[in-house]
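A closer look at the structure
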Amino acid sequence: MNNGMVECSVCHSKLVYPPTKAVSKAYDRYRSKVSSKQRFLNVCLVVGDCMLVGLQPILVFMSKVDGSFKFSPVSVNFLTEIAKVLFAIVMLLIQSRHQKVGEKPLLSVSTFMQAARNNVLLAVPAFLYAINNYLKFTMQLYFNPATVKMLSNLKVLVIAILLRMIMKRRFSIIQWEALALLLIGISINQMRSLPEGSSALGLPVATGAYIYTCIFVTVPSLASVYNEYALKSQYDTSIYLQNLFLYGYGAIFNFLGILGTVIYKGPDSFNILEGHSKATMLLILNNAAQGILSSFFFKYADTILKKYSSTVATIFTGIGSAALFGHTLTVNFILGISVVFISMHQFFSPLSKVKDEQENGVLEQIELQKDHRSKDSSFINMAAGANEEASHRVGPDEREPLLPR
């Protein structure tokens, strides 16, 4: 390999060696084995994500009373993290009972401490998710559910850039064009749900909404990429053990937020169950299930796939919002969804991956040929050495004893 180029030993053509940086050896071995089981898992993840993500903003909207929340959004996030921690503990107990003989026990103190040190990076996405979960409620005060989902799809482009920077992931030109189409589809659906003359944080509502949108797009995108990187960099660690750390950090950060609210509003605001209803309980369960499903996306699938599946959830959100709350499905919304589907088909089309797959296939063949040649050469050297030993004749001097007579 010279100057980042590799030469095929058969046709002597030169190819650019992909400058990808491995996240972890365990993940690379898993990624090289794409099976029908993996495809089925991706389909199940997408279907489940569409249902949960599509239902989430509707439950948030149902939780509002007279256009505002009677409960603390931080308390909902804290209870959600507690629910996810309990789920992770239960799954760890089940997984530990089904361990094979000779495997390192999951519940031992040494395993737990070592995994805690190796997965300390999960504190970063946990902190960012704590901020993002609060922003979700703030966004719901100014936008209807369908518009919130359309705005959240802006995260896809930011995520793609962060994946390129942090995880060195490569995208073809066709895939970048698909992301551009996605942004066009989102832009078609104009933000028309802001009431005129209202304000947010003392700013004109348009200015406040755009600021919230920028933060709402950047913070979770960074959290998703760091979460994927942290989970896959320790791919051999049980996902339930990793989730225990992630959700534990999240519970700590949200509890600190509750303490901050108590300091700001007084001791009466410490009641985390105040103002909750059946809708908020369903919201907590939905958010917990959504977070658990997302961890499987980040470890076993891809962040881009996660965001595209959330885009599909826009349809369910829009239809549900129109049926339950009377929000109209405008022509802009329908056209925007159409462009989004075209973008999805283009991004995941085999045509967008042909070049990379061909290059990777040729490179794998080159590596295999190198391995075969190295094995053949080592065998030839061994055979030559054996023949040399067999044909070696002992001279008269070599028969002489080493000690003097």
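Report follows, based on the coordinates.

Parameters and conventions
Residues numbered from 1 in each chain as written. Predicted model: local features only at pLDDT ≥ 70, side-chain atom pairs only at ≥ 80, totals over all residues. Heavy atoms only, no water. Helix = DSSP H or I, 4+ residues; strand = E, 2+ residues; numbered from the N terminus. Buried < 20%, exposed > 50% of the residue type's maximum accessible area, 1.4 Å probe, protein only. Contact = heavy atoms within 4.5 Å. Areas by Shrake-Rupley, 256 points an atom, 1.4 Å probe, with all protein chains shown as cover. Salt bridge = Lys/Arg side-chain N within 4 Å of Asp/Glu carboxyl O. Phe/Tyr/Trp six-rings, centres within 6.5 Å; stacked < 30°, edge-to-face > 60°. Lys NZ or Arg CZ within 6 Å of the ring centre and 35° of its normal. Expected span 1.5 Å × (residues − 1). Core = buried A, V, L, I, M, F, W, Y, C linked by side-chain atoms within 4.5 Å. Patch = residues over 30% accessible without salt bridge, like charges linked within 9 Å, V, L, I, M, F, W, Y side chains within 5 Å.

**Focus on the overall build of the protein**
In terms of helices and strands, the protein carries 14 helices and 4 strands. In the protein, buried positions account for 43% of the 405 residues. For the protein, restricting intrachain contacts to residue pairs at least 6 apart in sequence, the fraction spanning at least 24 positions comes to 83%. Split by element, the accessible area of the protein, about 22,700 Å² in all, is 64% carbon and sulfur.

**Quick notes on the pattern of salt bridges**
Evaluated as defined, the whole model comprises 5 salt bridges. For Lys306, the salt bridge goes to Asp49, with nearest N and O atoms at 3.3 Å. Taken as a pair, Lys306 in helix H12 (residues 303–325) and Asp49 in helix H2 (residues 36–63) lie far apart in primary sequence, 257 residues in all. A relative accessible area of 0% means that Asp49 is categorised as buried. Among the ionic pairs, Asp302 bridges to Arg169, the shortest N-O distance being 2.2 Å.

**A look at the packing of aromatic side chains**
In total, this model carries 11 aromatic pairs according to the counting rule given. Pairing Tyr240 with Phe296 gives two aromatic rings, centres 6.2 Å apart and planes at 70°, and the pair type is edge-to-face. Placement of the pair is Tyr240 in helix H10 (residues 239–265) and Phe296 in helix H11 (residues 278–300), with a sequence separation of 56 residues. Here Tyr240 and Phe296 have matching classes, each one buried. Seen in terms of ring centroids, Tyr308 and Phe347 are 5.4 Å apart; in terms of plane orientation they differ by 40°. Their pairing is tilted. Highlighted residues: Tyr308 in helix H12 and Phe347 in helix H13 (residues 331–347), separated in sequence by 39 residues. Take Tyr308 and Phe347: they sit in the same class, and that class is buried. Feature note: the residues Phe171, Trp176, Tyr308, Phe347 and Phe348 constitute an aromatic cluster, connected by ring pairs. Against the face of Tyr235 rests Lys299, its NZ or CZ located 5.4 Å from the ring centre.

**A closer look at the environment of Gln234**
Its location among the elements puts Gln234 in the loop between helix H9 (205–233) and H10. Owing to a relative accessible area of 23%, Gln234 belongs among the partly exposed residues under this scheme. Each C-alpha atom, one on Gln234 and one on Asn119, is 7.1 Å from the other, the two residues being 115 residues apart in sequence. Ignoring any residue separated from it by four or fewer positions in sequence, one finds Gln234 in contact with Asn118, Asn119, Gln242 and Lys299.

**A short note on H13**
For H13, with 17 residues, the first-to-last C-alpha span of 24 Å sits near the 24 Å given by 1.5 Å per residue. Every buried residue of H13 is listed here: Phe333, Gly336, Ile337, Val339, Val340, Ser343, Met344, Gln346 and Phe347.

**Points about the environment of Tyr300**
Here Tyr300 is to be found in helix H11. Each C-alpha atom, one on Tyr300 and one on Leu231, is 9.2 Å from the other, the two residues being 69 residues apart in sequence.

**As for the side chain of Ser295**
Looking at the secondary structure, you find Ser295 in helix H11. Not counting the four nearest positions on each side in its chain, Ser295 is found in contact with Leu231, Ile239, Asn243 and Tyr247.

**Some remarks on the nonpolar core**
With 29 residues, the main nonpolar core has Leu45, Leu92, Leu122, Leu241, Leu244, Phe296 and Phe297 as its most contacted residues. Of all the secondary-structure elements, those providing two or more residues to this core are H2, helix H3 (73–97), helix H5 (123–140), H9, H10 and H11. No other element matches the 7 residues that H10 contributes to this core. Setting aside residues up to four positions removed in sequence, Leu122 forms contacts with Asn227, Ala230, Leu231, Gln242, Phe245, Leu246 and Tyr249. Of all hydrophobic cores here, the second largest spans 19 residues; its members include Cys50, Val156, Ile304 and Val312.

**Some points on a nonpolar patch on the surface**
Taken together, the side chains of Ile82, Leu86, Ile89, Leu93 and Leu107 make up a nonpolar region of the molecular surface, amounting to roughly 420 Å² of accessible area. Looking at the element boundaries, Ile82 is found in helix H3. Since its relative accessible area comes to 32%, Ile82 is described here as partly exposed.

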